[in-house]
Amino acid sequence: MVLAACSAYGGRVTESFNAGWEFEERGVATAVDLPHDWAIAGPFDPKGWGATGRLPWKDRTATYRKTLVLPVAFFFGTAAFFLRFYGGNLLLNFFFGPAVNAAKGISSSVSSAISRFRDNFITALNPQINKSYAQQDREFFFSLVFSGCRLSLFLMLLLTAPLLLSTSFILELWLGNVPGYAVVFTQLVLGYEIIEGITCPLITAMLATGDIKRYELAVGSCELLYLPLTWLLLRCGSYPEIVLVMSIIISLLILAVRLMFLRRKTGLNIRGFLREVIWRAILVTLAGLTLPLALSFLISEGWSSFLTLTLLSLVTMGASIFFIGCDKKEQAFLRDKCGRLLRMKR
């Protein structure tokens, strides 16, 4: 569970595991780096097996050891993530009882399915972001970060648009009897996942710098704001939805913090990010959802409306993403991929 939370909170860091080992044989310990030939220090035997260089290898026992040290800031950030992740459930259970908390659990199941799909897509970009930063290729690094944020966000919009438009119908098909607040919780959690789609490449970019102590402390501090602020609002009489609304607000705050740290560490152009990622996302959302949303208010709920809204939202959102959201290079890439798929089917 700890590893899962760390992955969700901080993304993945790839480092060499070869340095800093301890090799111990017969009570004698030696510092070594891998790869290490543990027979090389043994006596040469002219009658030994040639495949091992006539070095001793039989009837020997040795131990390799390595101690891993994680920074305190990492544990602080992970603990803060745990409090935010599970704190909302505790508050709902305390103020409104298990029935409302169960509705939150349903929305969390939808969130997990969506986030797994998004993370699988983003994972392919992570090695390239790390490599470009290590090679000091800043232009390619920023291009990958911007494109990754855009495409991750657009993927989330494409996946969540049909769900947002027909949430009640889909939950009725899935559950039969839909608990109170399940619909609004699911819609809010989908909005949260859309915002999180922007942040995944930013996390990878920040971790690529290797200097994450202050970053973890700053992000963890923002995470810690969630529990007391949400408790205070609920204590003052807020509705259950405030638990997810506050989670969205904290996510936006953390997004701003990540952008500021990336500007300081890598020279990221925040204004360019707002123009190329956030503004394009707003335009894509308006262009892709306006017509399906208007139609959803005019037709009654059912299979025909669900299929109509799903098809229409996929078409309008897909067209908006391609013509408004993607730059020329991304459009050319998508055309090439679609062309290859069509040729393969023929």
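Everything numeric here is computed off the predicted structure, so don't read it as measured data. (Residues numbered from 1 in each chain as written. Predicted model: local features only at pLDDT ≥ 70, side-chain atom pairs only at ≥ 80, totals over all residues. Heavy atoms only, no water.)

Asks: How would you summarise the pattern of salt bridges if you had to cite specific residues and measurements?
Replies: Counted by the stated rule, this structure contains seven salt bridges. The salt bridge partner of R150 is D327, with a shortest N-O separation of 3.1 Å. Within this pair, whereas R150 is found in helix α5 (residues 138-165), its partner D327 is found in the loop between α11 (303-325) and α12 (328-345), the two being separated by 177 residues in sequence. Judged by relative accessible area, R150 falls into the buried class, the value being 3%. Taking the relative accessible area as the measure of exposure, D327 reaches 24% and is therefore partly exposed. Taking the shortest distance from any N to any O, the salt bridge between R275 and E276 comes out at 3.4 Å. Connected through shared salt-bridge partners, R150, R275, E276, R280, D327 and E330 make up one network. (Salt bridge = Lys/Arg side-chain N within 4 Å of Asp/Glu carboxyl O. Helix = DSSP H or I, 4+ residues; strand = E, 2+ residues; numbered from the N terminus. Buried < 20%, exposed > 50% of the residue type's maximum accessible area, 1.4 Å probe, protein only.)

Asks: Help me get a handle on the pairing of strand β2 (residues 28-32), residues and values and all.
Replies: Of the pairings in the sheet, the one linking strand β1 (residues 21-25) to β2 comprises five bridges and is antiparallel in character. Counted as the bridge partner of W21 is V32 from β2. Between the antiparallel neighbours β1 and β2 lie two residues, among them R26 with a positive phi of about 55 degrees. (Pairing = 2+ DSSP bridges.)

Asks: Hey, could you go over the environment of L175 for me, with residue numbers and the actual values?
Replies: Mapped onto the elements of the fold, L175 is located in helix α6 (residues 167-175). In the structure, L175 is positioned 69 residues away from I106 in sequence and 9.5 Å away in space, judged by C-alpha atoms.

Asks: Mind laying out the packing of aromatic side chains, listing which residues take part and the relevant values?
Replies: Inspection of the entire model under this criterion finds twelve aromatic pairs. Relative to F185, the ring of Y181 has its centre 5.8 Å away and its plane inclined at 25 degrees; by these criteria the two rings are stacked. Here the aromatic rings of F322 and F323 are separated by 5.0 Å at their centres, their planes lie at 85 degrees, and the arrangement is edge-to-face. On the basis of relative accessibility, which here comes to 18%, the residue F322 falls in the buried class. A residue is classified by how much of its surface remains accessible, and F323, at 62% relative accessible area, is exposed. (Phe/Tyr/Trp six-rings, centres within 6.5 Å; stacked < 30°, edge-to-face > 60°.)

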